[in-house]
Amino acid sequence: MAKSRSAKSGAIRAIDFLAEEGKYPATSVCAVHGDEAYLKHEVLSALRRQWLGAGDEEFSLTTFAGRDAQLRDVLDALATVSLFGSGRRMAIVEEADPFVTQYRSDLEEYTARPMPGASLVLEVKTWPSNTKLAKAVAASGLEIDCKSPNERQIKSWLIQQAKTKHGVRLEAAAADALFDLVPPELGVLAQEVAKLALVASENRSIDVEQVHQHTGGWRTRTTWEMIDAAADGRAADALAQLDRVIASGEKPFGLLPQMASSLRRFATATTLIEAAEADGRRLPVREALAQAGVPPFKLNEAESQMRQIARPRAKLLTQWLLAADLAMKGHNSSDERARIELERLIVRLAAAGSRRSSSHREPRGSLSGSAGRVS
């Protein structure tokens, strides 16, 4: 059990909780925190099943909005036993950050002496582990961390989900392909795995070919074509693809993570190449891209694009992505202004590619005359 808990607190990682719910039963007080909406939804559903059982939610579950919830109403819900059902009660306070701030001392007292047969679930964004309340929940309750997993954890989770929920084997290469074709959102990825399970081969396995054949509608494919066009220096094509995707209903805020998941790999590969050079070693571009997480079936295309982008621009990708993310969460948060940020990112990237294409003279096997150099 210890390996599934956060290194800084007594929290259970959401993906571990969902993989083995039986190891972590709901308690009288539960804290569910983090930024991944899909994980929170799945965790709250599991806690309801654990505490109330099937069919008991109608009579024994009360949900409150944290921004206007009153402690007395929450406690009344926990104390009131329905004439129907098992006699257990559960109160969920959603977006409970202001509720926790307002009633922190009262919640500390309640955690020390909870009502028998009742479970209070606090769904929050932040949960500092150094507070008295967090320590009390860690000691006697259940704390579940719904922080967004990293890429490696997501892929392992997809393979586990395919096995336990759908009875199929998702090959590691297929998980790589799925992650590259679909926006890196757990809910979307889970839906794709469920869909692929329906078309799994006779031996109940999902391979790369099946992922390519059945995953991603035209909007997903168009998004990646937009990224490819920008990386190749074709700004007009990339902007036209952006028009099509947004016109179909896609939001700019959803497109940026898709672009970032691909472009960050170029930045990482550049860092790896420069680190190797600092050590007096030669790291080929293709190998650097593989180490950066580019799937094998995308290496040829990615290598060509990285040569087009060139090292000076590749080193700026992380900075550009961060600037776009901050702007879209701040002064350019409207759909129209957020779209401008995507256009700016596309033009920056395409300018690098077009300049590189017009002046490219070195042999195909090298970069600026130096093996492994992106400049």
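Residues numbered from 1 in each chain as written. Predicted model: local features only at pLDDT ≥ 70, side-chain atom pairs only at ≥ 80, totals over all residues. Heavy atoms only, no water.

This brings us to the overall build of the protein. If you tally the helices and strands in the protein, you get 19 helices and eight strands. Here the analysis covers contacts within the protein between residues at least 6 apart in sequence; of these, 73% occur between residues at least 24 apart. (Helix = DSSP H or I, 4+ residues; strand = E, 2+ residues; numbered from the N terminus. Contact = heavy atoms within 4.5 Å.)

We now examine the confidence of the model for the protein. With 85% of its residues at a pLDDT of at least 70, the protein reaches an overall mean of 82. In the model of the protein, helix 3 (residues 57-60) stands out as the element of lowest mean pLDDT, 68, in contrast to strand 2 (residues 29-33), which has the highest, 97. (pLDDT = per-residue confidence, 0-100.)

Because side chains alternate across strand 6 (residues 142-145), one face comprises the buried residues Leu142 and Ile144, and the other comprises Glu143 and Asp145, equally buried. Two strands pair when backbone bridges link them, and strand 1 (residues 12-13) and strand 6 are joined in this way by two bridges, in the parallel orientation. Residue pairing for strand 6: Arg13 is matched across the bridge by Asp145. In this structure, strand 2 lies alongside strand 6, joined through four bridges in parallel fashion. Across the sheet, Cys30 pairs through a bridge with Leu142, a residue of strand 6. (Buried < 20%, exposed > 50% of the residue type's maximum accessible area, 1.4 Å probe, protein only. Pairing = 2+ DSSP bridges.)

In this section: the pattern of salt bridges. Inspection of every chain in the model, using the stated rule, returns 19 salt bridges. The closest approach of N and O atoms between Arg311 and Glu277, which form a salt bridge, is 2.9 Å. Linking Arg311 in helix 17 (residues 311-314) with Glu277 in helix 14 (residues 252-278), this pair joins segments that are 34 residues apart in sequence. A relative accessible area of 26% means that Glu277 is categorised as partly exposed. A single network of salt bridges, built from pairs that share partners, joins Glu151, Lys155, Asp176 and Arg265. (Salt bridge = Lys/Arg side-chain N within 4 Å of Asp/Glu carboxyl O.)

Once that is clear, we can look at the packing of helix 14 against helix 18 (residues 317-329). For the pair helix 14 and helix 18, interaxial distance at closest approach is 9 Å and the crossing angle is 165°. By the angle class used here, helix 14 and helix 18 are roughly antiparallel. Read as a crossing pair, helix 14 and helix 18 show a hand that is left-handed. The segment helix 14 lies against helix 18, with Pro252, Phe253, Leu256, Ala260, Leu263, Arg264, Phe266 and Ala267 engaging Leu317, Thr318, Leu321, Ala324, Asp325 and Met328. Each residue belonging to the contact of helix 14 with helix 18 can be placed in one class, and the counts come to eleven nonpolar, one polar and two charged. (Axes fitted to C-alpha atoms, helices over the stretch in contact; angles between N-to-C directions. Parallel < 35°, antiparallel > 145°, perpendicular 65-115°, else oblique. Left-handed = near helix turned anticlockwise from the far one by under 90°. Nonpolar A, V, L, I, M, F, W, Y, C, P; charged D, E, K, R; others polar.)

As enumerated under the stated definition, the model contains three aromatic pairs in all. Ring centres 6.5 Å apart and planes at 35° place the aromatic pair Phe17 and Tyr24 in the tilted group. Tyr24 carries the same exposure label as Phe17, and that label is buried. Taking NZ or CZ as reference, Arg88 lies 3.9 Å from the ring centre of Trp51, over its face. Above the ring of Phe179, the side-chain terminus of Lys155 is found at 5.5 Å from the ring centroid. (Phe/Tyr/Trp six-rings, centres within 6.5 Å; stacked < 30°, edge-to-face > 60°. Lys NZ or Arg CZ within 6 Å of the ring centre and 35° of its normal.)

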